[in-house]
Amino acid sequence: MYEMKPDYYTGIDFIDKEHTRLFELAQETYDLLQDDFSQDKTSAIVQLVSELIDYTRVHFSHEEAYQKSIDYPYITEHAAQHRQFEDSLSQIDIDALENDLDEQNETVENLLEFLAGWLINHIKKVDMLLVK
Ligand SMILES: [Fe+2]
Ligand SMILES: [Fe+2]
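The sections below set out a description of the structure shown in this document.

Calculation notes
Residues numbered from 1 in each chain as written. Chains lettered and ligands numbered in written order. Predicted model: local features only at pLDDT ≥ 70, side-chain atom pairs only at ≥ 80, totals over all residues. Helix = DSSP H or I, 4+ residues; strand = E, 2+ residues; numbered from the N terminus. Buried ≥ 20, exposed ≤ 12 C-beta atoms within 10 Å, placed from the backbone. Contact = placed C-beta atoms within 7 Å. Axes fitted to C-alpha atoms, helices over the stretch in contact; angles between N-to-C directions. Parallel < 35°, antiparallel > 145°, perpendicular 65-115°, else oblique. Nonpolar A, V, L, I, M, F, W, Y, C, P; charged D, E, K, R; others polar. Left-handed = near helix turned anticlockwise from the far one by under 90°. Core = buried A, V, L, I, M, F, W, Y, C linked by C-beta atoms within 7 Å. Expected span 1.5 Å × (residues − 1).

Observations concerning the environment of His59
Point 1. Its location among the elements puts His59 in helix H2 (residues 41-69).
Point 2. Judged by the 19 C-beta atoms lying within 10 Å of it, His59 falls in the partly exposed class.
Point 3. In this structure, the C-alpha to C-alpha distance between His59 and His122, residues 63 residues apart in sequence, is 13 Å.
Point 4. Each residue touching His59, except ones within four places of it in the same chain, is listed here: Glu18 and Leu22.

Quick look at unusual backbone geometry
Point 1. Phi angles above zero are rare outside glycine, and Asp40 is one such case at about 55°.
Point 2. Residue position: Asp40 is located in the loop between helix H1 (13-34) and H2.
Point 3. For Asp40, a count of 8 C-beta atoms within 10 Å corresponds to the exposed category.
Point 4. A positive phi angle, near 50°, is found at Asp71, a position not held by glycine.
Point 5. The residue Asp71 is located in the loop between H2 and helix H3 (75-90) in this model.

Focus: the packing of H2 against H3
Point 1. The contact between H2 and H3 brings their axes to 11 Å, and the two run at 170°. Compared by their axis directions, H2 and H3 come out roughly antiparallel. The segment H2 lies against H3, with Ile53, Thr56, Arg57, Phe60, Glu64, Gln67 and Lys68 engaging Ile75, His78, Ala79, His82, Glu86 and Leu89.
Point 2. Here the residues of the contact of H2 with H3 sort into five nonpolar, four polar and four charged.

Considerations on the packing of H1 against H2
Point 1. Relative orientation of the contacting elements H1 and H2 amounts to 165°, with a least axis distance of 10 Å. Between H1 and H2, the interaxial angle falls into the category roughly antiparallel. With respect to the hand of their crossing, H1 and H2 are arranged in left-handed fashion. When H1 is examined against H2, the residues Phe14, Ile15, Glu18, Arg21, Leu22, Leu25, Ala26, Glu28, Thr29, Leu32 and Leu33 are found in contact with a partner set consisting of Lys41, Ala44, Ile45, Leu48, Val49, Glu51, Leu52, Tyr55, Thr56, His59, His62 and Glu63.
Point 2. For the contact of H1 with H2, the per-class residue count stands at 13 nonpolar, four polar and six charged.

Thoughts on the nonpolar core
As a rule of thumb, nonpolar side chains are buried together in soluble globular proteins.
Point 1. In terms of nonpolar packing, the biggest core is built from 13 residues, with Leu22, Leu25, Ala26, Leu48, Val49, Leu52 and Leu115 touching the most fellow members.
Point 2. Those elements that place two or more of their residues in this core are H1, H2 and helix H5 (104-125).
Point 3. In contact with Leu25, other than residues within four places in its own chain, are Leu48, Glu51, Leu52 and Tyr55.

Section: the environment of Leu115
Point 1. Locating Leu115 in the fold gives a position in helix H5.
Point 2. Judged by the 23 C-beta atoms lying within 10 Å of it, Leu115 is buried.
Point 3. When residues no more than four places from it in sequence are discounted, the contact partners of Leu115 are Ala26 and Leu52.

Topic: H3
Point 1. In this model, H3 (16 residues) spans 22 Å end to end at C-alpha, consistent with the 22 Å of a helix rising 1.5 Å per residue.
Point 2. Among the 16 residues that make up H3, zero are buried, leaving the element largely open to the surroundings.

Below, the structure is given as structure tokens:
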């Protein structure tokens, strides 16, 4: 479901590794959602979702530090996109996920769709400009 595809590779090793990790976390969360026999599923899912969100922020800061180090001319525009997405991430109510057990699968699936959709679009259109 969620994985790196050949056209997501920028050729910058640390960026590709971090993107890979983000997709792995999304896939792990998705797999756990489908697993009806796992114990403490809710708290494990909440844990994974917050890890995914935190790691997205960490990745953005690494990417921006790299852009600074190479004097990338479009760092302001690129960082603005990161900030905008971080704003949407901060609106996600993690505690509500935990209480929202009945609809949890759908809520988390939608969240993963939203996260992965944004990432794929950003990687292909914006991160890729770093190597053009
Ligand atoms: Fe980026
Ligand atoms: Fe990125």
